[in-house]
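The residues making up each chain are set out below.
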Amino acid sequence: MSRAFSSTLPLSRHRIDRDHESRADTAALDERWRGPEARVLVLHRGQALALSGSNGDHDGFGPRVAPVAHPVLDLRPTASLPALALEELAQGGVRLYLGRSLDGDDRVPAGAALFAISVTDAVAAALESPTSSWLNLRMVAADLDDAAAGYFTEALATFNWHATHTHCPRCGAATTAESGGWVRRCPVQDIELFPRTDPAVIVGIVDADDRLLLGSNALWENNRFSLLAGFVEPGESLEAAAVREIAEESGVVIDDPEYVGSQPWPFPASLMVGFMARVSAEHPPVLRPDGDEILELRWFTREQIADPASGVLLPGSASIARAIIERWFGGPLPEPVPAEARA
């Protein structure tokens, strides 16, 4: 059940061989980079260059104004990069080796070496065409195919790490990228720094009446609701973090959280680990929002969730929160009716 659940999560999908064994072979990667089948994904300010598609006005909650249909990433041959992009790489830019494609199509041959680069404003402008666009992963993840979702997620998460680890945490010296972009080395300490991911738990909580607990975050407008979540602390198991976070944010005590799946969330560097849990029979629930992160808590029935006139905005299709809510609901959630349509 967990495997099937995870495989349907937008950012958990992938069709790539990450080819760990080749990362340290600089000569081999150079040869692959120059090969006619090599392809490169270009990122700029956390967005990916695309041949088609757009972000629209959707921010991840509630219904889309205009659904995006099949965005296509611009996985271009490495030989087609402009000279300015190659100059940036030669001056210390990171050439990230993503791995090899598992599937072939008319744009990417099967087994092709896949790379990613993150470029400056000047290079981004040189790469743009009248029909190209820059896509935000959070907004288009559910519309990408499995391969593109995996490429984009892998590249974004790794470049987010590079952006925050330019210097050694021990001595402050500037670090350099190695192993196909999967290691940064401190030349003074001669130590390797590896990409980091911050685990966070997210929990679907139901009570004795099979109602689902949702909370409204202090940073949102008051009609946005989602599952409760929080980061795992050092020396803490995932299950213990789920129990602690729920108690801290809501005052609710849960029993035996059950793992249901996980997905990366590179905004900037998280792994969301999903659980379902029931309220402890020994501790009747008394909702106490923490007043810091969570301002309002409500129990929802399926009928209330399904009511198109409720005005409640739920997490978008890219999130594991949405998938867990739909798991409890028993199927896809109905889209709420916009306020102007209800008037």
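Here the structure is a predicted model, which is why all the values come from computation and not from measurement. (Residues numbered from 1 in each chain as written. Predicted model: local features only at pLDDT ≥ 70, side-chain atom pairs only at ≥ 80, totals over all residues. Heavy atoms only, no water.)

A.B. asks: Can you help me understand the environment of Glu 233 in this one?
C.D. replies: Take Glu 233: it is sitting in the loop between strand S14 (228-231) and helix H7 (238-250). Look at Glu 233 and you get partly exposed, because its relative accessible area is 42%. Sequence spacing of Glu 233 and Pro 199 is 34 residues, and the spatial spacing of their C-alpha atoms is 8.8 Å. (Helix = DSSP H or I, 4+ residues; strand = E, 2+ residues; numbered from the N terminus. Buried < 20%, exposed > 50% of the residue type's maximum accessible area, 1.4 Å probe, protein only.)

A.B. asks: How do you make sense of the packing of aromatic side chains when you look at a structure like this?
C.D. replies: When we look at a pair of aromatic rings, we describe it by the centre distance and by the angle of the planes. Taken as a whole, this structure holds six aromatic pairs when the rule is applied. When the ring of Trp 33 is compared with that of Phe 115, the centres are 5.1 Å apart and the planes differ by 85°; the resulting orientation is edge-to-face. With Trp 33 in helix H2 (residues 26-34) and Phe 115 in strand S7 (residues 113-118), this pair connects stretches of sequence that are 82 residues apart. In terms of burial, Trp 33 and Phe 115 fall into one category: buried. For the ring pair Tyr 259 and Phe 275, a centre distance of 6.1 Å and an interplane angle of 75° mean the geometry is edge-to-face. Here Tyr 259, found in strand S15 (residues 254-265), pairs with Phe 275, found in strand S16 (residues 270-279); they are 16 residues apart in sequence, far enough to count as distant. For Phe 275, a relative accessible area of 0% puts it in the buried group. Taken together, the aromatic side chains of Trp 33, Tyr 97 and Phe 115 make up a single cluster linked through ring pairs. Between the NZ or CZ atom of Arg 138 and the centre of the ring of Phe 267, over which it lies, the distance is 4.5 Å. A cation sits over an aromatic face here: Arg 298 above Phe 225, 5.3 Å from the ring centre. (Phe/Tyr/Trp six-rings, centres within 6.5 Å; stacked < 30°, edge-to-face > 60°. Lys NZ or Arg CZ within 6 Å of the ring centre and 35° of its normal.)

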